[in-house]
Amino acid sequence: MKLKSNLLGAIVLTVLFGGIALTTALNLWTTETAKVPVKFETGEAAGEYNPDDIRGSYAFGDISELFDIPLEYLATAFGLPADVDAAAFQNKELEEIYGALEEAGTEIGNSSVKLFVALYKGLPYEIDDEIYLPAPAVKILKAQGSLSAEQIAYVDAHSVDLGLAEAAPAGVEQAEAAPQPAATEEHVPEAGQVTGQTTFGDLLAWGLAQETIEEILGGPMPASGTLVKDHVSSLGKPFSEARTQLQAALDAAAK
Amino acid sequence: MKAKKHNKIWLRPAIQLFFFALIALIAINHTLAEEGGGIAFLSSASLHALCPFGGVVTIYQYATTGTFVQKIHESSFILMILGFILAVLFGPVFCGWVCPLGTVQEWTSKLGKKLFKRRFNRFVPRKVDAVLRYLRYGVLAWVLYMTAVTGRLIFADVDPYFALFNFWSSEVAVAGLVVLGVTLVGSLFVERPWCKYTCPYGAVLGVTNLFRVFKIRRNEPTCIACDKCSNRCPMNIPVSQQLVVRDHQCISCLECTSEAICPVPATVDFVTGGK
């Protein structure tokens, strides 16, 4: 059987677009992850969205709706310029506009948004790394009046002056200027402490059996170089819960 | 056998232009959508979601954990399967008819042909070229290994396809832009240099040339040994010296066939059967 170019071209188009149409009809064709974080399953916050599952692709508008935080608070907290559409501004863009801070070791990024949302809403959040907040964000949080003494100490110690106008939005009282972080030292995770930078290889090296890890994950362990946090997120589970369970298993193994 | 005037296959460049424009528009729409705008009836998917090679690099993680590598979605997996179906039937037809990076290299090469005439596509010494042709399998092995170990889309940082349609975005790594630049400059001297020497997806699809259902077959009794098929082949395959083309580099462009450059009817065809 001989095939001419016209027929080959038609077959190529039919297979590609027919395949896409068919898988779309079967609800299999997905080009993005739904921007809805997982919810807490247990504890006082059960049923609430978990800020730990906020992704870099979430826009401030998404977060405002999901967590019921006024959009202008988010824009002010993270020092967005007036000409930026805050509703469409994605968390990952913070790392672009504050790239110099990353080099200085005081990165403002998606983790900062997670922490801000958690503290603003009073939701549980495991701080697994040094997370910095812009000074306006700290002011807004302190003005809420709901932070514990420990939390106030943390945000004060991790406040970063953006060098921008720090006008708080209407309804937020001005707090005293937060101090700059002290010397910017590179964060080195402590051995045996599960953090966002911990890989499965680290867990194994610290003496945790693969069976125990898989039992906690509820499935097979990926490649040893994979970050635990990335893998847990890809499973649609909150990292904070997995971290707690893994840390407990590590502590038990160390005894 | 009466020789015919050679024809040009018009549909392939038309389809190539279509896919180039489609991917370019979707990439632009993706940027607009991230800024709160965009064209409603056009997809705003990320390039990662529309790249079949994304499906290939996530196979290991999907098989072992049931999850996709970051930034890869179901669509990449589906495109990978569709690409494999086409390749088993027709060889790497995705490379020759669809891939926008291949298309851009062909466009750039048109300038190279005008500049260097007959020297074009003959700059690389044959022995060196023969060895370099297998480099893309090394690239493939490196990409698969690194992606499996890290669970991250390692290749995106050096991917010229991603750089081509995202050069305005901060998501593109400098290395990706450099590789794209080298590829385009290289296309002035060599046809499809990225495809020949480096493309890991081409390496995967190229294997199907060994067993594809439809294959390029030369009818020796009617062949006049003019070598036009070999000279026209963008991948420098010596078609005139083979009865059936099983070269792992063939991209099923059909430029060597009697429908295009071969002057003798029914002498080089894309057919089933043939040993």
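Computed from a predicted model, the values in this text were never measured in an experiment.

## So, the overall build of chain A
And step 1. Across its full length, chain A holds 12 helices and 2 strands.
And step 2. If you list the helices and strands of chain A from N to C, you get α-α-α-α-α-α-β-α-α-β-α-α-α-α.
And step 3. Residues classed as buried in chain A amount to 36% of the 255 residues present.
And step 4. For chain A, long-range pairs separated by at least 24 residues make up 61% of all intrachain contacts whose partners lie at least 6 apart in sequence.

## Some words on the overall build of chain B
And step 1. On a plain count of helices and strands, chain B comes out with 13 helices and 2 strands.
And step 2. Within chain B, the fraction of its 275 residues that count as buried is 50%.
And step 3. Partitioning the intrachain contacts of chain B with sequence separation of at least 6 by distance along the chain shows that 66% fall at a separation of at least 24.

## Remarks on the interface of chain B and chain A
And step 1. With 40 residues of chain B in contact, the opposing surface of chain A contributes 35 residues.
And step 2. Of all elements in the fold, only helix H1 (11–34), helix H3 (59–65), helix H4 (74–90), helix H5 (93–98), helix H8 (135–150) and strand E2 (268–272) of chain B reach the threshold of two or more residues within the side of chain B that touches chain A.
And step 3. Considering each element in turn, the side of chain B that touches chain A owes the most residues, 7 residues, to H4 of chain B.
And step 4. For the side of chain B that touches chain A, the class distribution of residues is 20 nonpolar, 14 polar and 6 charged.

## As for helix H1 (residues 5–25) of chain A
And step 1. The terminal C-alpha atoms of H1 of chain A lie 30 Å apart, and with 21 residues this matches the ideal 30 Å at 1.5 Å per residue to within 8%.
And step 2. The inward-facing, buried residues of H1 of chain A abut H1, H4 and H5 of chain B.
And step 3. Once H1 of chain A ends, the next one or two residues include Asn27 of chain A, with phi positive near 65 degrees.

## With respect to the nonpolar core
And step 1. Ranked by internal contacts, the top residues of the largest apolar core, which has 72 residues, are Val12 of chain A together with Leu50, Val93, Phe94, Val239 and Cys256 of chain B.
And step 2. Each of two domains, domain 1 (11–208) and domain 2 (215–272) of chain B, supplies a minimum of three residues to this core.
And step 3. With 34 residues, the next largest nonpolar core counts Ile54, Ala75, Phe89 and Ile140 of chain A among its residues.

## As for unusual backbone geometry
All names here are of chain B.
And step 1. Unusually for a residue other than glycine, Arg192 sits at a positive phi of about 50 degrees.
And step 2. Tracing the backbone through its elements, the reader meets Arg192 in the loop between helix H10 (174–186) and helix H11 (193–197).
And step 3. Notably, Asn236 is not glycine yet its phi reads approximately 60 degrees, a positive angle.
And step 4. Here Asn236 is to be found in the loop between helix H13 (228–232) and E2.
And step 5. Judged by local crowding, Asn236 falls into the buried class, with 20 C-beta atoms found within 10 Å.

## Details of the confidence of the model for chain A
Low pLDDT marks stretches whose predicted atomic positions should not be read closely.
Residue and element names in this part refer to chain A.
And step 1. A residue-level look at chain A finds 88% of positions with pLDDT of 70 or above and a mean pLDDT of 81.
And step 2. When pLDDT is averaged over each helix and strand of chain A, the minimum, 75, is found for helix H5 (residues 99–103) and the maximum, 97, for H1.
And step 3. Confidence drops under a pLDDT of 50 for residues 164–188, and excluding neighbours within four residues, the segment shows 40 contacts in the predicted structure.

## Structural notes on the confidence of the model for chain B
And step 1. Confidence in the prediction of chain B, expressed as mean pLDDT, is 92, and 97% of residues score 70 or more.
And step 2. For this predicted complex, the interface confidence score (ipTM) comes to 0.92, while the overall pTM stands at 0.68.

## Some points on the pairing of strand E1 (residues 214–218) of chain B
Residues and elements named next belong to chain B.
And step 1. In terms of burial, E1 is a largely internal element, 5 of the 5 residues being buried.
And step 2. Across the two faces of E1 the burial is the same, with Phe214, Ile216 and Arg218 and Lys215 and Arg217 all buried.
And step 3. As defined by bridge partners, E1 adjoins E2 across 5 bridges and the pair is classed as antiparallel. Across the sheet, the residue bridging to Arg218 is Val268, located in E2.

## What about H4 of chain B?
Side chains three or four residues apart in an α-helix point the same way, a direct result of the helix having 3.6 residues per turn.
And step 1. Between its terminal C-alpha atoms H4 of chain B stretches 24 Å, which fits the 24 Å expected from 17 residues at 1.5 Å a residue.
And step 2. Every buried residue of H4 of chain B is listed here: Ser75, Ser76, Phe77, Ile78, Leu79, Met80, Leu82, Gly83, Leu86, Ala87 and Phe90 of chain B.
And step 3. Close packing links the buried residues of H4 of chain B with H1 of chain A together with helix H2 (52–57), H5, helix H12 (200–206) and E1 of chain B.

## Here we look at the environment of Lys71 of chain B
Residues and elements named next belong to chain B.
And step 1. Position of Lys71 relative to the elements: it lies in the loop between H3 and H4.
And step 2. As a C-alpha pair, Lys71 and Ser46 span 25 residues in sequence and 8.5 Å in three-dimensional space.
And step 3. For Lys71, the residues in contact, after removing those within four places along its chain, are Ser46, His48 and Leu153.

## Here we look at the packing of H1 of chain A against H1 of chain B
And step 1. Here H1 of chain A crosses H1 of chain B at 20 degrees, and the two axes come no closer than 9 Å. Judged by the inter-axis angle, H1 of chain A sits roughly parallel to H1 of chain B. Together, Ser5, Asn6, Gly9, Val12 and Leu13 of chain A of H1 of chain A and Leu11, Arg12 and Ile15 of chain B of H1 of chain B make up the contact between the two elements.
And step 2. Here the contact of H1 of chain A with H1 of chain B is composed, by residue class, of 4 nonpolar, 3 polar and 1 charged.

## Quick look at the packing of helix H6 (residues 110–121) of chain A against helix H7 (residues 135–144) of chain A
All names here are of chain A.
And step 1. Where H6 meets H7, the closest approach of the two axes is 9 Å, and the angle between their N-to-C directions is 15 degrees. One element, H6, and the other, H7, form an angle in the roughly parallel class. Helix-helix and strand crossings are classified by hand; for H6 and H7 the assignment is left-handed. Within the contact between the two elements, H6 uses Phe116, Leu119 and Tyr120 and H7 uses Ala137, Leu141 and Gln144.
And step 2. Taken together, the residues of the contact of H6 with H7 sort by class into 5 nonpolar, 1 polar and no charged.

Here is what the cut-offs are and how they apply
Residues numbered from 1 in each chain as written. Chains lettered and ligands numbered in written order. Predicted model: local features only at pLDDT ≥ 70, side-chain atom pairs only at ≥ 80, totals over all residues. Helix = DSSP H or I, 4+ residues; strand = E, 2+ residues; numbered from the N terminus. Buried ≥ 20, exposed ≤ 12 C-beta atoms within 10 Å, placed from the backbone. Contact = placed C-beta atoms within 7 Å. Nonpolar A, V, L, I, M, F, W, Y, C, P; charged D, E, K, R; others polar. Expected span 1.5 Å × (residues − 1). Core = buried A, V, L, I, M, F, W, Y, C linked by C-beta atoms within 7 Å. Domains from an automatic or database assignment. pLDDT = per-residue confidence, 0-100. Pairing = 2+ DSSP bridges. Axes fitted to C-alpha atoms, helices over the stretch in contact; angles between N-to-C directions. Parallel < 35°, antiparallel > 145°, perpendicular 65-115°, else oblique. Left-handed = near helix turned anticlockwise from the far one by under 90°.

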